[in-house]
Amino acid sequence: MDVDTIRESFDRVEEKQKQYASRSQEIIDQLIKEIELAITKLQDGNLDQSAVLAQLKAQIDEITPVAQFEGCQKELNLAIAKYTKLLEKTFHSDISKAYRDVEMDTATINEIIASHFYRQGQFEIGDRFSSEAQVSESDILKSPFLEMHSILQAMRQSRDLGPALAWVTKNRDKLLRYGSSLELKLHELQFIEMLKAGKKGEALKYARAHLSPWANEHQAEIQKVFACLLWENRLDQSPYGDLSSPSQWKELESELVRQFCGLMGQSHESPLAVTVAAGAEGLPTLLKLASVMQAKKQEWQEMKQLPVPLDLPKEYQFHSVFVCPVLREQGSEENPPMLMPCGHVLSRQSILKLSKNSTRAFKCPYCPQEGTVAQCRQLYF
């Protein structure tokens, strides 16, 4: 899907609309000026009314407002028509051809949808959906996200880091096992906020109590924070101005969501949102495939696998299941994924076929580098 082309076409429509609005206003202002001038002449009483009105009519005829309005409208309509055709060509109104009837667990799907609403903080909608879809244990789905959004709300609305710091303190051991430095970042931001509020003494005490324990592993970072004391009243003009930027709050909010969801064993992004976005990316290919197969009088939905690859962006590529790009077969214990010296990954059977079951070097099918079977290492996902 060429989004850039659609955007360019929309920009042209927008520009035409602005030009039309500007030109229309000029014409209207000109008409108002002529009418006001005629009214002034009529109020004077010394001029013949018929002559004044005849002169006004002549001036309006010279301006030709109707013709100018029609000309501008015609150009705008033409731009809109082209944009509409582009949308119709790009977006298919009937996407049912790409639908594949797959058995799904309705209860699980409903839990995913309810969880999506709770994850987004739309608790009222989530409760209503859970009630109507009869989602069991909806409170269990909702509870952790209530806590997460109460923390985020405190950060966004009142710049209060208290709830966030309480949460990281409670989960300190788990976070440290994951190598998280979220607690340190929150303490640093609290220190910076104290400095910005002119509480230098309190900030120094706070740093000694909460930043010093991190000094051994994060010395350079903490030294940078302490250097902010020298720029107390002009921190935004200092070399450390980025530490006082509002973006720090946004970054910490995102980091907290990642860590919070990570401790729950979930992705920081909504699985439902990712699935819908990935489906939208692959939809044009599936629609084109369906049209081609229909022309050949073949039913693609009966195939066990797609005859063409779906090239999705990296953010939609997950490798919990490995599929060999050569044999196009799913990996298994008998045929596991193997890492070649060049960094590409093939199945063991593919590597054995390429090497012809010998010890001699063979070329990678995706790059010029060569390797041997002995140099390949099994991967574990």
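Residues numbered from 1 in each chain as written. Predicted model: local features only at pLDDT ≥ 70, side-chain atom pairs only at ≥ 80, totals over all residues. Heavy atoms only, no water.

- As recorded by an unreviewed UniProt entry, the protein chain carries the name Protein RMD5 A and is attributed to Rhynchospora pubera.
- According to the UniProt record, the Subcellular location (unreviewed entry) comment for the protein chain is "Cytoplasm". (UniProt positions renumbered as here; feature names shortened; annotations may be inferred.)

Structural notes on the sheet that holds strand β2 (residues 345–347)
Note: strands within a sheet are paired through backbone hydrogen bonds, in either parallel or antiparallel orientation.
Then, number 1: In spatial order, the strands read β2-β1-β5; together these three strands make up an open sheet with antiparallel pairing. The two strands at the open ends of the sheet, each matched to only one other strand, are β2 and β5 (377–378).
Then, number 2: Sitting on the sheet, helix α14 (residues 348–355) is in contact with β1 (337–339), β2 and β5, with an inclination near 90° to β2. (Pairing = 2+ DSSP bridges. Helix = DSSP H or I, 4+ residues; strand = E, 2+ residues; numbered from the N terminus. Contact = heavy atoms within 4.5 Å. Axes fitted to C-alpha atoms, helices over the stretch in contact; angles between N-to-C directions.)

Digging into empty space enclosed by the protein
Then, number 1: Using the criterion set out here, one finds one cavity of 30 Å³ or more in the structure.
Then, number 2: Contributions of two or more residues to the lining of the largest cavity are made by α8 (172–177) and α9 (182–196).
Then, number 3: Looking at the lining of the largest cavity element by element, the count peaks at three residues for α8.
Then, number 4: Residues that form the lining of the largest cavity fall into these classes: four nonpolar, two polar and two charged. (1 Å grid on protein atoms, 1.4 Å probe; cavity = no way out; pocket = protein on both sides within 12 Å on 5 of 7 lines; lining within 4 Å. Points joined across faces, edges and corners; volume = space filled by probe spheres on them. Nonpolar A, V, L, I, M, F, W, Y, C, P; charged D, E, K, R; others polar.)

Topic: the UniProt feature "domain: RING-Gid-type" (unreviewed entry) in the protein chain
Then, number 1: This chain's UniProt record puts "domain: RING-Gid-type" (unreviewed entry) on residues 324–367.
Then, number 2: Taken end to end, residues 324–367 is 18% helix and 18% strand, and its two terminal C-alpha atoms sit 16 Å from one another.

Quick look at the side chain of Glu34
Then, number 1: Inspection of the secondary structure assignment puts Glu34 in helix α1 (residues 3–44).
Then, number 2: Discounting residues that sit within four places of it in the chain, Glu34 has contacts with Leu56, Gln59 and Ile63.

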